[in-house]
Amino acid sequence: MALGASTNATSAVASKPRPRLGLSALLAVAVGLVVSQGVMVLMLQGAGIAGLGFLIPLSLAFILALTYAVSFSELALMIPRAGSLSSYTEVALGHFPAILATFSGYVVVAMFALSAELLLLDLIINEVYPGSFPDMTIAYGVLILFTVLNLLGIDLFARLQSALALIMVIVLLTLGISSVTGNGTEAALTTPIANDWNPLGAGVLTLVALAIWGFVGAEFVCPLVEETRQPERNIPRGMMLGLTIIFITIALYSIGALFYVPQADLASASLPHYLFATAVFGEAGKVVLVVAAITATCSTVNTSLAAIPRMLYGMAVNGQAFPQLKMVSKRFNAPWVAVLFVAAITGLPVIFMGDNPGAISLLLLAACVAWLLAYIICHLNVIALRRRYPDMPRPFKTPFYPLPQIVGIVGMLVSLYYVSPTPEMTMDIVYSSGAVLAVVSVIAVLWIKFVMRKPLFKPEPIETVLARK
């Protein structure tokens, strides 16, 4: 690809994005990215394992999520750049950790997690309406649609995201509240909910590792900082309010399922949200489920195609990725090359995974290992920058520093240790995530040494990063 700008594109240096996103749009990003179909499945499985006791690991996971929210808030407002984690890590720990964290924690995760999300949508549509659509047409149709919409700019993205997130939360809350209050069209279970799970045993740690997946991704608001109105106010509030809404929604949704679906079925079913919706609302539950599945997947894909390309754009501006990724369309101010790149790497695994849906869980868990590593690096960034720049202005400062960072690092390490749900999957997860991290590491080393010609672990002066346009 050419290094210069074409007639339809120009470098982002030419024009600064006009802030357009308010608190409601950021809330939609935080909620819409986090609550996916994968989360809907995992939370019900956790409730099936622990019953009402699932509220304990769910609450602990919520606390861990708040720790990364305060760390990202401090960093995003201290270094308000679209590169997000790469920009923060570049000035805290050096270029190698910056590239490793961003590519492994976001680009690779998108490659596998978004693909799995699209496949899950295709699976549930074909379950509810068998034979109505050829295989993979739903998955690719959604991907193509939201790729085009994100190429049309941030204004359209914000309107779509707000609508999708609102519909999704309403549907999930309707399911949860109808179940807890017994107002479903079908009769609730007459057997009492089991409460013999030991919340003090080792199982709580395993379920915290599962529950944390219900809260990863709220930091996707940070790459949008340059397009946010009053970011010092809206970035922290967007993440924290978003995580709180998610916690309430997931708690009602997962515990409500226990009133209508036997625990054993929730724990073992591959589509427990299908069982839940039909148990509460009968045949009408299929429509409810389809609405929830479509809005969850579309919301996740829409947010990822907005945020991850802007991370890549920021990395390109920093010299950490191909310069073509910072090309922005003149008319819509969208990083069109980066959007197309993320869409391409999302669609590729669908081709290979289409005939093997059983691989989805393995790929998601391997990707989540990389995501948690990125969170650990984020916490380390805050600690490093507090030491290197103690007097630097910080529009948002972590309360009770460094306690949230310490709790976050320890909690993420424990979650990594317990990430495998079964001993049989442990080595597969280690090999898969290890291979991905190894490939990213080799590419990062070669790029830094031979293209950037800089040291691997020497932090850049923060003034250099802040001076970039």
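Residues numbered from 1 in each chain as written. Predicted model: local features only at pLDDT ≥ 70, side-chain atom pairs only at ≥ 80, totals over all residues. Heavy atoms only, no water.

Trainee: How would you sum up helix H5 (residues 95-128)? Please name residues and give values.
Mentor: A rise of 1.5 Å per residue sets the reference length of H5, with its 34 residues, at 50 Å; its end C-alpha atoms lie 48 Å apart and thus fit the reference within 8%. The principal kink in H5, of about 40°, is found at Ala-110. With respect to burial, H5 is a largely interior element, 29 of its 34 residues being buried. (Helix = DSSP H or I, 4+ residues; strand = E, 2+ residues; numbered from the N terminus. Expected span 1.5 Å × (residues − 1). Bend = angle between axes of the 7 residues up to and from the residue. Buried < 20%, exposed > 50% of the residue type's maximum accessible area, 1.4 Å probe, protein only.)

Trainee: Tell me about helix H11 (residues 272-281), and please be specific about residues and values.
Mentor: Most of H11 sits out of view: seven of its ten residues are buried. Of all the residues in H11, the buried ones are Pro-272, His-273, Tyr-274, Phe-276, Ala-277, Val-280 and Phe-281. Note on H11: the residue one or two positions beyond its end, Gly-282, has a positive phi of about 65°.

Trainee: How would you summarise the environment of Ala-165 if you had to cite specific residues and measurements?
Mentor: As for its placement among the helices and strands, Ala-165 is situated in helix H7 (residues 154-181). Here the alpha-carbon distance between Ala-165 and Thr-295, two residues 130 residues apart in the chain, equals 7.2 Å.

Trainee: Describe the pattern of salt bridges, naming the residues involved and giving the relevant values.
Mentor: Tallying each qualifying case throughout the model produces five salt bridges. Residue Arg-310 pairs with Glu-227 through a salt bridge whose shortest N-O separation is 2.9 Å. Taken together, the positions of Arg-310 in helix H12 (residues 284-317) and Glu-227 in the loop between helix H8 (203-211) and helix H9 (231-257) put the pair 83 residues apart, joining distant regions of the chain. The same class applies to Arg-310 and to Glu-227, which are both buried. Sharing partners across several salt bridges, the network here consists of Glu-74, Arg-386 and Arg-394. (Salt bridge = Lys/Arg side-chain N within 4 Å of Asp/Glu carboxyl O.)

Trainee: Any details on the confidence of the model for the protein chain? Residues and values, ideally.
Mentor: Per-residue confidence for the protein chain gives a mean pLDDT of 82, with 88% of residues at or over 70. Looking across the protein chain, the model is least confident in strand E1 (residues 9-11), with a mean pLDDT of 34, and most confident in helix H3 (residues 55-78), with 94. Counting interchain partners and residues more than four positions distant, the pLDDT-below-50 stretch residues 1-15 has 27 contacts. (pLDDT = per-residue confidence, 0-100. Contact = heavy atoms within 4.5 Å.)

Trainee: Can you tell me about the layout of surface pockets, naming the residues and giving the values?
Mentor: As a volume, the second largest pocket reaches approximately 470 Å³. Together, 20 residues line the second largest pocket, and Phe-103, Val-107, Phe-322, Phe-341 and Ile-443 are the ones closest to its centre. Put simply, the parts of the chain that give the lining of the second largest pocket at least two residues each are H5, helix H13 (336-353) and helix H16 (423-452). Per-element tally for the lining of the second largest pocket: the top contributor is H16, with six residues. Each residue belonging to the lining of the second largest pocket can be placed in one class, and the counts come to 18 nonpolar, two polar and no charged. (1 Å grid on protein atoms, 1.4 Å probe; cavity = no way out; pocket = protein on both sides within 12 Å on 5 of 7 lines; lining within 4 Å. Points joined across faces, edges and corners; volume = space filled by probe spheres on them. Nonpolar A, V, L, I, M, F, W, Y, C, P; charged D, E, K, R; others polar.)

Trainee: Any chance you could break down the side chain of Ser-179 for me, citing the residues and the numbers?
Mentor: Summarising the element assignment, Ser-179 is placed in helix H7. Among the residues examined, Ser-179 registers a relative accessible area of 1% and is labelled buried. Reaching out from Ser-179, the side chain makes a polar contact with the backbone oxygen of Leu-175 at a distance of 2.7 Å. Ignoring sequence-local partners within four residues, the contact set of Ser-179 consists of Gly-256, Phe-259, Tyr-260, Phe-276 and Val-280. (Polar contact = N/O pair within 3.5 Å; in protein donor to acceptor, adjacent residues only side chain to side chain.)

Trainee: How would you sum up the packing of helix H1 (residues 23-34) against H12? Please name residues and give values.
Mentor: Contact pair H1 / H12: the axes reach a minimum separation of 7 Å and the direction vectors enclose 120°. For the element pair H1 / H12, the angle class is oblique. For H1 against H12, the interelement crossing comes out left-handed. Residue-level inspection shows Val-29, Gly-32 and Leu-33 of H1 in contact with H12, the latter providing Ala-296, Ser-299, Thr-300, Thr-303 and Ser-304. Split into classes, the residues belonging to the contact of H1 with H12 amount to three nonpolar, five polar and no charged. (Axes fitted to C-alpha atoms, helices over the stretch in contact; angles between N-to-C directions. Parallel < 35°, antiparallel > 145°, perpendicular 65-115°, else oblique. Left-handed = near helix turned anticlockwise from the far one by under 90°.)

Trainee: Provide a residue-level description of unusual backbone geometry, including the pertinent values.
Mentor: Here the residue pair Tyr-401 and Pro-402 is connected by a cis peptide bond, since its omega of 5° sits within 30 degrees of zero. One can find Pro-402 in the loop between helix H14 (359-388) and helix H15 (403-417). Unusually for a residue other than glycine, Phe-400 sits at a positive phi of about 60°. Here Phe-400 lies in the loop between H14 and H15. Classification of Phe-400 as exposed rests on a relative accessible area of 70%.

Trainee: Talk me through the packing of H5 against H16; I want residue IDs and the actual numbers.
Mentor: Between H5 and H16, the least distance of the axes is 9 Å, while the angle of their chain directions is 135°. Classified by the interaxial angle, the pair formed by H5 and H16 is oblique. Crossing of H5 over H16 shows right-handed handedness. Within the contact between the two elements, H5 uses His-95, Phe-96, Ile-99, Leu-100, Phe-103, Ser-104, Val-108 and Phe-112 and H16 uses Val-436, Leu-437, Val-440, Ser-441, Ala-444, Val-445, Trp-447, Ile-448 and Met-452.

Trainee: Please set out a nonpolar patch on the surface residue by residue, giving values where relevant.
Mentor: On the surface, Ile-56, Leu-60, Ile-63, Phe-400, Leu-403 and Val-407 cluster together into a nonpolar patch covering about 570 Å² of accessible area. Only H3 and H15 provide two or more residues apiece to the nonpolar patch. Of all the elements, H3 adds the most residues to the nonpolar patch, at three residues. In this structure, Ile-63 sits in helix H3. Judged by relative accessible area, which is 46%, Ile-63 ranks as partly exposed. (Patch = residues over 30% accessible without salt bridge, like charges linked within 9 Å, V, L, I, M, F, W, Y side chains within 5 Å. Areas by Shrake-Rupley, 256 points an atom, 1.4 Å probe, with all protein chains shown as cover.)

Trainee: Please give an account of the packing of aromatic side chains that cites residues and values.
Mentor: Enumeration over the complete set of coordinates arrives at eleven aromatic pairs. Taking 6.3 Å as the distance between ring centres and 90° as the angle between the ring planes, the aromatic pair formed by Tyr-68 and Phe-72 counts as edge-to-face. One end of the pair, Tyr-68, and the other, Phe-72, are both in helix H3, four residues apart, so they sit about a helical turn from each other. Pair check on accessibility: Tyr-68 and Phe-72 agree, each one buried. Centroid distance Phe-72 to Tyr-88: 6.4 Å. Interplanar angle 70°. Geometry classified as edge-to-face. Here Phe-72, found in helix H3, pairs with Tyr-88, found in helix H4 (residues 85-92); they are 16 residues apart in sequence, far enough to count as distant. We note that Phe-72, like Tyr-88, is buried. Members of the aromatic cluster, connected to one another through ring pairs, are Tyr-68, Phe-72, Tyr-88 and Tyr-375. The ring of Tyr-401 has Arg-386 sitting right over it, with the charged end atom 4.2 Å from the ring centre. (Phe/Tyr/Trp six-rings, centres within 6.5 Å; stacked < 30°, edge-to-face > 60°. Lys NZ or Arg CZ within 6 Å of the ring centre and 35° of its normal.)

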